[in-house]
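For reference, the chains in residue letters:
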Amino acid sequence: MSVGKSRTRLWFLWHSWLAMPLWAFLFFVCLTGTIAVVSTEIMWLVNPAMRASGAGEPLPASALIAAAEAAAPGGRVSSLSWGGSHMAVGARMAMPDGTSTTAWVNPVSGVVQGVSTGNSFQSFFRALHGWLMTFPVGWYLVTLLAIPLVGSLVTGLVVYKRFWKSFYQPRIRWRQAPRVMWGDLHRVAGTWSIWFIAVISVTSLWFLIYMMLFHLGMGLGGGKAPVLLARDQIPVTATAPRPDVDAVLASAKAALPDMRLRYLWLPGTAYDPATVAGSSGQVPLLPDYVRVNPFTAEVIIIEGGMDAASGIELTRTIMRALHTGDFGGLPVKLVWFAFGLLMTTLVFSGMLIWMKRTARATVEAVRGLRLAEGSSNA
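Residues numbered from 1 in each chain as written. Predicted model: local features only at pLDDT ≥ 70, side-chain atom pairs only at ≥ 80, totals over all residues. Heavy atoms only, no water.

Remarks on a nonpolar patch on the surface
Judged by side-chain polarity, Trp-164, Phe-167, Tyr-168 and Trp-192 come together as a nonpolar surface patch covering roughly 470 Å² of accessible area. Inspection of the secondary structure assignment puts Tyr-168 in helix α8 (residues 165-168). (Patch = residues over 30% accessible without salt bridge, like charges linked within 9 Å, V, L, I, M, F, W, Y side chains within 5 Å. Areas by Shrake-Rupley, 256 points an atom, 1.4 Å probe, with all protein chains shown as cover. Salt bridge = Lys/Arg side-chain N within 4 Å of Asp/Glu carboxyl O. Helix = DSSP H or I, 4+ residues; strand = E, 2+ residues; numbered from the N terminus.)

Pasting the structure below:
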């Protein structure tokens, strides 16, 4: 091979090495996203304050709020969150110094089992995965990965002939050379992850397009006027009245009897309604929101479900649920976590295969260039 061709080959290999950061970044995003799916469950494992047996009759919400505020003097509960019978109720409180605190209250005994301050492990990993803690630049960097992800899926299906055989005849030669073993693992993981890669890549592409349209100032539609109380519905008293949270929850449950309760947001101003959120079970991907007058406990409006503001809003809600696996409870989360690990392994194995091939080709190219230069000098 001539010196010119050898140098061209070497430049091409350097070009290939420069793609390494892209795949390393994709590996990082896949790994953090997989952890983010079960971040609440990880917190539950490492933080005993979040655990609850669930045995017994649960206390009313007013008792939980009273217990939380007693444990953090000066704090005022702004929301309650229910994670299931195995989890304590999270009472989010605004503190006098402007910070926020979460008290974990046993739903049966009313005992405050612990208090968490600052950002949670869950919010940290979601922010790290979703926008690298820098918005909107990080958001674009992450969602742009949807393009090579879609490309890898399509080209992989073309390159690996009869890939469907891995469904019923998966073969991983563990005792062979590492290159053979990682190649088998890559093909099997890729075949079993086809549906999951398609879901993640399509939803990521949607997030990218949605944010681009938003920043371009294009009307996305779907905007609804905020639900506010009329001025004559607000009682005039010397001190701000506290909402009757038990009556609010009772009204919401009467409006949607099969709703699985997730959140209760208390009004931030005198004009705001109380909001009860959950899933009615009819469409697990779409949450329901019940807006309730905090003073009279009358249901103002039921939002969510198929009653979305527009097709755009409906699509955004579905895409988020599909991307995060945050529907259907713990079983769906575990499925998303398992296939997230499989997808992360797929990226890692592909990166190793590519590195070994490129490293070997680089060594051969350098040797060829030295031989060509030696021949030309002779």
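Moving on from the coordinates now.
Regarding the layout of surface pockets
Empty space within the second largest pocket amounts to approximately 1,200 Å³. Forming the boundary of the second largest pocket are 40 residues, of which Gly-156, Tyr-160, His-186, Arg-187 and Leu-346 lie nearest the centre. (1 Å grid on protein atoms, 1.4 Å probe; cavity = no way out; pocket = protein on both sides within 12 Å on 5 of 7 lines; lining within 4 Å. Points joined across faces, edges and corners; volume = space filled by probe spheres on them.)

A short note on helix α9 (residues 178-192)
Helix length check: α9, at 15 residues, gives a terminal C-alpha distance of 21 Å against a target of 21 Å (1.5 Å per residue), a fit within 8%. Of all 15 residues in α9, 11 are buried, a share of seventy percent or more. Among the residues making up α9, those that are buried are Val-180, Met-181, Trp-182, Gly-183, Asp-184, Leu-185, His-186, Val-188, Ala-189, Gly-190 and Thr-191. (Expected span 1.5 Å × (residues − 1). Buried < 20%, exposed > 50% of the residue type's maximum accessible area, 1.4 Å probe, protein only.)

Topic: the UniProt feature "transmembrane region" (unreviewed entry) in the protein
With numbering matched to this structure, UniProt assigns "transmembrane region" (unreviewed entry) to residues 12-38, 137-160, 189-213 and 334-354. Span residues 137-160 is 88% helix and 0% strand, its end C-alpha atoms 35 Å apart. The straight-line gap between the two end C-alpha atoms of residues 189-213 is 35 Å; of that span, 96% is helix and 0% is strand. (UniProt positions renumbered as here; feature names shortened; annotations may be inferred.)

Overview of the packing of helix α2 (residues 20-37) against helix α3 (residues 39-46)
Direction vectors running N to C along α2 and α3 enclose 65 degrees, while the axes themselves pass 4 Å from each other. Residues Ile-35, Ala-36 and Val-37 of α2 form the contact with α3, whose own contacting residues are Ser-39, Glu-41 and Ile-42. Its residues assigned to classes, the contact of α2 with α3 comprises four nonpolar, one polar and one charged. (Axes fitted to C-alpha atoms, helices over the stretch in contact; angles between N-to-C directions. Contact = heavy atoms within 4.5 Å. Nonpolar A, V, L, I, M, F, W, Y, C, P; charged D, E, K, R; others polar.)

Topic: the environment of Ala-146
With respect to the helices and strands, Ala-146 occurs in helix α7 (residues 146-159). The sequence separation of Ala-146 and Leu-26 amounts to 120 residues, and the corresponding C-alpha distance is 9.5 Å. Aside from chain neighbours lying at most four places away, what touches Ala-146 is Ser-201, Ser-204 and Leu-205.

Things to note about the side chain of Asp-184
Here Asp-184 lies in helix α9. Here Asp-184 falls in the buried class, since its relative accessible area comes to 2%. One polar contact links Asp-184 to Arg-173, side chain to side chain, over a distance of 2.7 Å. Apart from the residues lying within four places of it in its own chain, the contact partners of Asp-184 are Arg-171, Ile-172 and Arg-173. (Polar contact = N/O pair within 3.5 Å; in protein donor to acceptor, adjacent residues only side chain to side chain.)

So, the packing of aromatic side chains
The tally for this structure, following the rule as stated, stands at 15 aromatic pairs. Aromatic side chains Phe-124 and Phe-125 sit 5.6 Å apart centroid to centroid with 90 degrees between the ring planes, which places their arrangement in the edge-to-face category. Given the relative accessible area of 12%, Phe-125 is considered buried. Both rings, one in Trp-131 and one in Phe-135, keep their centres 6.5 Å apart while their planes meet at 85 degrees; by these two values the pair is edge-to-face. Against the face of Trp-44 rests Arg-51, its NZ or CZ located 5.7 Å from the ring centre. (Phe/Tyr/Trp six-rings, centres within 6.5 Å; stacked < 30°, edge-to-face > 60°. Lys NZ or Arg CZ within 6 Å of the ring centre and 35° of its normal.)

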